[in-house]
Amino acid sequence: MQLTRYTDYSLRLLMFLALQDKERLVTITETAEHFAIPRNHLVKIVNRLGHLGYVHTVRGKRGGIRLGRPSADIRIGEVVRAVETTMEVVDCSSPPCPLLPMCKLKGLLNEAGAAFLAVLDRCTLQDLIEDPQGMSHVLRWPSDLDSGPPRDPALPSDDALK
């Protein structure tokens, strides 16, 4: 099963917001730049996630976005179901398939889709950001958990210099 780009960007946005301090507001522009997502597309995603309660939006000059709920309370399967336009794995009606009356493929694919969602239901947003420092480093974003610039593994450690 392949998720739409809209769902992919929605999950990336939620992960990014989960890395931030709870009270810090992040702008849509900042987020769009970090993920190379068109800003206009991200505005639509933020609007939808805001209506669903996953994102809290603040308007105005000092406005921005942050998570609307604790990351441990956001199940990935729930988000996918909320933002995907269809969860149907295959559409046998367009064009009409002559095998439909006898075919078992659709049932099998629906069962596989349900198993896919069951796996996503076991995972929370918090589970996806188990290593916030590492993720912040990859994003070149300072999280509130960072204790300074990342150390270059090619350089000797501070202990080795003593």
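Residues numbered from 1 in each chain as written. Predicted model: local features only at pLDDT ≥ 70, side-chain atom pairs only at ≥ 80, totals over all residues. Heavy atoms only, no water.

Colleague: Would you mind going over the packing of aromatic side chains with me for this structure?
Modeller: Per the counting criterion, the structure on display carries one aromatic pair. With a centroid separation of 5.6 Å and 85° between ring planes, the pair formed by F16 and F35 is classed as edge-to-face. Taken together, the residues span a long stretch of sequence, with F16 in helix α1 (residues 5-18) and F35 in helix α2 (residues 28-35) at a distance of 19 residues. Neither F16 nor F35 differs from the other in exposure class; each is buried. (Phe/Tyr/Trp six-rings, centres within 6.5 Å; stacked < 30°, edge-to-face > 60°. Helix = DSSP H or I, 4+ residues; strand = E, 2+ residues; numbered from the N terminus. Buried < 20%, exposed > 50% of the residue type's maximum accessible area, 1.4 Å probe, protein only.)

Colleague: How should the nonpolar core be read in this particular structure?
Modeller: Taken as a class, soluble globular proteins show a tendency for nonpolar side chains to be buried jointly. Ranked by internal contacts, the top residues of the largest apolar core, which has 34 residues, are L13 and V55. At the level of secondary structure, the elements contributing two or more residues to this core comprise α1, α2, α3 (39-52), β2 (64-67), α4 (76-83) and α5 (105-121). For this core, the element with the most residues is α1, which contributes nine residues. Every residue in contact with L13, bar those within four places of it in the chain, is listed here: T31, L42, I45, V46, L49, V55 and I65. (Core = buried A, V, L, I, M, F, W, Y, C linked by side-chain atoms within 4.5 Å. Contact = heavy atoms within 4.5 Å.)

Colleague: I would appreciate a short explanation of the side chain of E84 in the present structure.
Modeller: Take E84: it is sitting in the loop between α4 and α5. Despite its burial, E84 pairs with no opposite charge; the closest candidate is R48, at 11 Å N-O. Discounting chain neighbours no more than four positions away, the residues touching E84 are L3, T4 and T7. (Lys, Arg positive; Asp, Glu negative; His and termini not counted. Salt bridge = Lys/Arg side-chain N within 4 Å of Asp/Glu carboxyl O.)

Colleague: Please explain the environment of A18 as it appears in this structure.
Modeller: By secondary structure assignment, the location of A18 is in helix α1. Accessibility expressed as a relative area gives 15% for A18, which makes it buried. Separated by 50 residues in the primary sequence, A18 and G68 place their C-alpha atoms 9.9 Å from one another. Other than its neighbours up to four places away in sequence, A18 contacts L67, S71, L125 and I129.

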